[in-house]
Amino acid sequence: MLTAPVILIASFAYLGLLFAIAYYGDKRADAGRSIIANPYIFALSLAVYCTSWTFYGSVGRAATSGIGFLPIYLGPTLMAALWWYVMLKIIRISKQNRITSIADFIASRYGKSQMLGGLVTIIAVVGIIPYIALQLKAISNTFSIILHVPEIAMVGKESPPLFLGDNTFYIAMLLAAFTILFGTRHLDATERHEGLVAAVAFESLVKLLAFCAVGLFVTFWLYDGFGDIFSRAAQVPELGALLTFGGAAGSYTTWASLTFLSMAAIMFLPRQWQVTVVENVDERHLTKAIWLFPLYLLAINVFVLPIALGGLMHFPSGTVDADTFVLTLPIAENAPWLALFAFIGGLSAATGMVIVETIALSTMVCNDLVMPVLLRMKGLRLTVRRDLSGLLLGIRRGAIVLILVLGYLYFYLAGEAYALVSIGLISFSAVAQFAPAIIGGIFWRGGTRIGAMGGLAAGFLVWVYTLLLPSFAKSGWLPIGFLSQGLFGIDLLKPQELFGLSGLDDIAHCLFWSMLANIGCYVAVSLAKRPSAAEHGQATVFVDALRQSGATAGPRLWRGSASVNDLLSLLGRFLGPERAQEAFESYARNRGARSLESLAADASLVHHAESLLAGAIGSASARVMVASVVAEEPLGLDEVMNIIDEASQVLAYSRQLEQKSRELEAASQELRDANQRLQELDRLKDDFISTVTHELRTPLTSIRAFSEILRDNPRLDDAQRAQFLGTVIKESERLTRLINQVLDLSKIESGNAEWHSSEIDMREVVDDAVAAVSQMFKENGVQLEVNVPRALPSIVADRDRLMQVMLNLLSNAAKFCKRPGGKVSIALARQDGFLRVDVTDNGIGISDSDQEMIFEKFRQVGDTLTNRPQGTGLGLPICRQIINHFGGRLWVQSRPGEGATFSFTLPFNPAQAQSLAA
C-alpha cells in the first residue's frame, strides 16, 4: 500500500540520487575526467525539452485533439536537421566569446549592449514564468492524486490560502533549494555544470522508462495491443475523430504555427540553450545528437495515443482529468507501484526542467539585470572590493528563489484556467521572439542594436497584450470585457481578434502579430541607421564564425594601454584571486612568457581577461569592468572597417598557406610512393639478375662438364660420344633460347620490340601451334583436345608473337601433365567483345600463394614454382607483355592436384564483330 511516508521517501530518495550523480560529475570534472564528454549523454541532456508537458500534458492534448499533439515534436525534429549548420555556428560563436546565456549572446552580437541584454532577460523571465508554473501545477496535482491511492481523487478548483497555506508553495521552495545545490555551489568562469548535465541525462532515461512502462501496461495489459485499442476507439464516433487529420486535430494553420513555435523553442528556450550551447564540451557531439534526439522524441511519444484512448474508454464519464491519465490508469487497475514509478517519472520531468531553467534564468538576471545596475551605483564601490564572487553567488541564489516564487504566483493566479499544454504554449510564444535577433544576427551583418531592441520590444508587447493578459482575464484577475470588447471598448483592439483578424486560435493569432511586429521593426530600424563601430566589429565576428579557426577577431578591434596587474586584480575580484592567477599563468605559458612580469598587456591579453570575466558576469558587464581599468582609445567605423579588411586578408592568406601545406603534403606522399616503387623495381631487378644468372649457369655447367668428358676420354665408343654430343647441343640450344628470351623481354619492356600487326584468325594460329607441338606431345604420351567454334571475329595482333604465346603455354602444359595419362585441352570462346583462349592441363596444379606470385614476381616463374621441372622461367613474362600490348589480359586458375588453366583475352576487330553479330 502506498502511504504518504513511502511517497515522500521515494521522492526524496530520487532527488538525492540526482544530487549524488551531479556531485560525482562535478568531482570528475574537477579531476579532469569528464563523464559528459560523450555524445550519448549530450543527446540525453537535450531531452530536458520533455517536461511534465510531455509526460502528462501530451496525453491530455491527445485526448481532446488526437494527433494534434504531434506538431510540438515535429518542430524539434525538423530543426535538428539544421543543427549541423545553425546550431554549430551558435556553439562555435559562444565558445569563442565565452557566452553564457541567450541574453549574453544577443547583447554581445549587437555591440555588447547592457540595455539589450537586460531587455532579453526580462522577456525570458516573464515568458518562462508560465512554463515554471506548469511544472508546479503538474507536481502539485499529481502529488495530491497519488496521496489518495487506491482512490482516484481529482484536485478541487477552490484555491487554498496563498503561500504558507498552499502545498504548492512548499514544493516551489523545495525546488529552489535543490536548484541552489545543483547550480550555485560555486562560481565557474565558463558557467558550465557538468554534474548537472549528467543528472539531467539520467532523469531523461527515468522519465522515458516510466512513460513507456505505463504505455506498455495500458497497451498490452489493459488491452490486446495497438490494434485492439485503435479498433475499439474507431467504434466510438467521438474517439474515431481523434485519429484523423482536421477537426479536433486542428487546422493547417494550427499545425504550422505550433510547428514553428516548437522549432524556435528547441533553439531558444533558456534551458535548451544552457544544455545545448553552454554545457557543450565538444561540438562534434552535435552530429550524433542530430538523429539521437529525434529518436528519443519518437520513443517517448509512441504510447501517447494508446494511453489517451485507453483513458477515455476507461473513464467515459469525463470525471478524470485527461492530463492525469498516466497516473490514474495504473491506480484504477490496482497497480500502485507502477503509479509510484509514473509519479517519479513525472517528478523527474518537472524537476529537470525547473532546475535547468532557473539556473539559466538566474545567470541572466545576475549578469544582465542586477550587475549592470550595481556597476552604475557608485556608492557600492564594486570596483574596489577585493572579492565579488560571494556577491555573485548570492545574487543568483536570490534570483532562483524569486523566479520560483513568481512561477508559484502565476500558478496561483492563472494556472487553473488552462490545461498544461496551453500554459506551455504561452511560454513557447514568448521565446519565439528571440528568433529574428539571433538568426538575423548570425547571418546578416546589417542588423543593429536599435533594430534588435525595437523588434524584441514590439514582439514582446504584442505577446503580452494578445496572450499573457488574456490568461489573467480568463482567470478573473482582469475584467472579462477586456476579451469581448477590447481595450477601452474598441473592437479593433480585442486582444484575440486584433485589428479584426479572426478565425485563428489564440496561439496562431499571437504568433502572427508578434512576428510581424518583431521582424518588421528589426529590419526597418536596422536599415534606417548604420551600425556603430562596435556593432560592425561584432557582426563580423558572429557572421564569419565558421570561417575562423581559432580565436575571434576581437583582440584586433581594441587599441589602448593596460596593466597586467590591474587586469589580474580585476579578474580576482569576480573569480577569486587563486583562479585568476591560474588563468593568467596558463595564458602566459601559452604565449611563451616566462612569468606574468614579462607578459605584455596587449590587445590579446585585454580580450582574454574580458572573455574570462564575461563567463562570470556577462559580456556587456565585463566590457564595462575592463574599461574601468584600461585606457581604451575609441575606434571609428572607418578604422574598424580597415582592421576587418586586414583581418580578412590575413585569413585569406592563412587559407592559402593551409592549401599550400596540403599540396606539399600530397607531393611528399607522391615522393614517398615513388621511392617505394623504385625500391620495388630494384628488388625485382635483383631477382631478375639472380634468375638469369642461375639459368645461364645451369646449361654452361652442363656444356663444360660434357666437353671435359669428351676431351679427357678420347677412347669413348661412338654411341656414348654421340649421346654426349647430343646433350651438349641440347644445352647449347637451351642457352641460345634463354639469351633470345632475355633479349626479347628486354626489347618488349623498353619499347624497342618490333611488332607486325594484322588481322588474324585465331583458329589458324591454334592449328599451327598444335601442328608444331604434335610430335612432342606424341613422344610424351600426352593427349591434346581442341574446342574451336565454327565462326569467330578476327583480331588485330602480331601473328608470330601470338604463335610464341601459344607454343609457350602448350609446352608448359605438356611438361606439367600427369605421367602417364597426360591430357591438355585448348578452348576458344567469345566473352563480352573479347576472344578468350584457355589452355588446360591435368598436372599437379599451382598453389594459391604461387598464383599470386606469378604475375607480381613473374621473373621467378619456372624453377621456383611448385617444384615443376626446370625451364628458363622467362616465357610467362614475355607472354604477358605480348598479351598486354594488344589490349588483353593473361591469368591463371588452378588448385593443387587438379591441374592448371592459363587463359588470355584479346579484343575482337570491331568491324568484323559487328558484321558477325548482324
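Note: the structure precedes this text.
Residues numbered from 1 in each chain as written. Predicted model: local features only at pLDDT ≥ 70, side-chain atom pairs only at ≥ 80, totals over all residues. Heavy atoms only, no water.

Visitor: Tell me about the nonpolar core, and name the residues and values.
Guide: Ranked by internal contacts, the top residues of the largest apolar core, which has 177 residues, are Y49, W83, I90, I307, F428 and F434. Here this core gets 18 residues from one element, more than from any other, and that element is helix α7 (residues 114-146). Counting residues in hydrophobic clusters, the runner-up holds 41 residues, among them V765, V770, I846 and F904. (Core = buried A, V, L, I, M, F, W, Y, C linked by side-chain atoms within 4.5 Å. Buried < 20%, exposed > 50% of the residue type's maximum accessible area, 1.4 Å probe, protein only. Helix = DSSP H or I, 4+ residues; strand = E, 2+ residues; numbered from the N terminus.)

Visitor: Describe in detail the sheet that holds strand β9 (residues 900-907), supporting the description with residues and values.
Guide: The strands making up a sheet associate through hydrogen bonds between their backbones, and the pairing can be parallel or antiparallel. In space, the 5 strands of this open sheet follow the order β4-β6-β7-β9-β8, with mixed pairing throughout. The open sheet has two free edges, formed respectively by β4 (782-787) and β8 (889-894), since each of these has just one partner strand. Strand-to-strand, the axes of this sheet are offset by a mean angle of 15 degrees, without reference to chain direction. Of the strands in this sheet, β4, β6 (822-831), β7 (834-841) and β9 touch helix α31 (residues 762-779), which is tilted by about 175 degrees from β6. Lying over the sheet, helix α32 (residues 799-815) contacts β4, β6, β7 and β9, oriented at roughly 25 degrees with respect to β7. (Pairing = 2+ DSSP bridges. Axes fitted to C-alpha atoms, helices over the stretch in contact; angles between N-to-C directions. Contact = heavy atoms within 4.5 Å.)

Visitor: Outline the pattern of salt bridges, supporting the account with residue identities and numerical values.
Guide: This model, assessed by the stated rule, comprises 13 salt bridges. In the salt-bridge network here, residues are joined through shared partners; they are E764, D768 and R799. (Salt bridge = Lys/Arg side-chain N within 4 Å of Asp/Glu carboxyl O.)

Visitor: Residues and numbers for α7, please.
Guide: In this model, α7 (33 residues) spans 47 Å end to end at C-alpha, consistent with the 48 Å of a helix rising 1.5 Å per residue. The sharpest bend along α7 reaches about 30 degrees and sits at I129, with the proline P130 one to four residues further on. Counting buried positions along α7 yields 29 of 33 residues, so the element is predominantly enclosed. (Expected span 1.5 Å × (residues − 1). Bend = angle between axes of the 7 residues up to and from the residue.)

Visitor: Would you mind going over a nonpolar patch on the surface in detail, with residue names and values included?
Guide: A contiguous nonpolar surface patch, about 470 Å² in accessible area, is contributed by L82, W84, Y85, I439 and F443. Within the secondary structure, F443 sits in helix α20 (residues 435-443). (Patch = residues over 30% accessible without salt bridge, like charges linked within 9 Å, V, L, I, M, F, W, Y side chains within 5 Å. Areas by Shrake-Rupley, 256 points an atom, 1.4 Å probe, with all protein chains shown as cover.)

Visitor: Before we move on, could you go through the packing of helix α17 (residues 336-376) against helix α28 (residues 619-627) and cite the residues and values that matter?
Guide: Close contact between α17 and α28 brings their axes to 9 Å; oriented N to C, the two are set at 25 degrees. With respect to each other, α17 and α28 are oriented roughly parallel. α28 is crossed by α17, and the crossing has left-handed handedness. The segment α17 lies against α28, with N367, M371, P372 and L375 engaging S621, V624 and M625. Partitioned by chemical class, the residues of the contact of α17 with α28 number 5 nonpolar, 2 polar and no charged. (Parallel < 35°, antiparallel > 145°, perpendicular 65-115°, else oblique. Left-handed = near helix turned anticlockwise from the far one by under 90°. Nonpolar A, V, L, I, M, F, W, Y, C, P; charged D, E, K, R; others polar.)

Visitor: Describe in detail the pairing of β6, supporting the description with residues and values.
Guide: Note: β4 against β6, 6 bridges, orientation parallel. Of the residues in β6, the one forming a bridge with V782 is G822. Summarising the sheet, β6 and β7 pair through 8 bridges and their orientation is antiparallel. Looking at β7, one finds that A827 is bridged to D838. The turn joining β6 and β7, which pair antiparallel and follow one another in sequence, is formed by 2 residues; a positive phi near 50 degrees is taken by D832.

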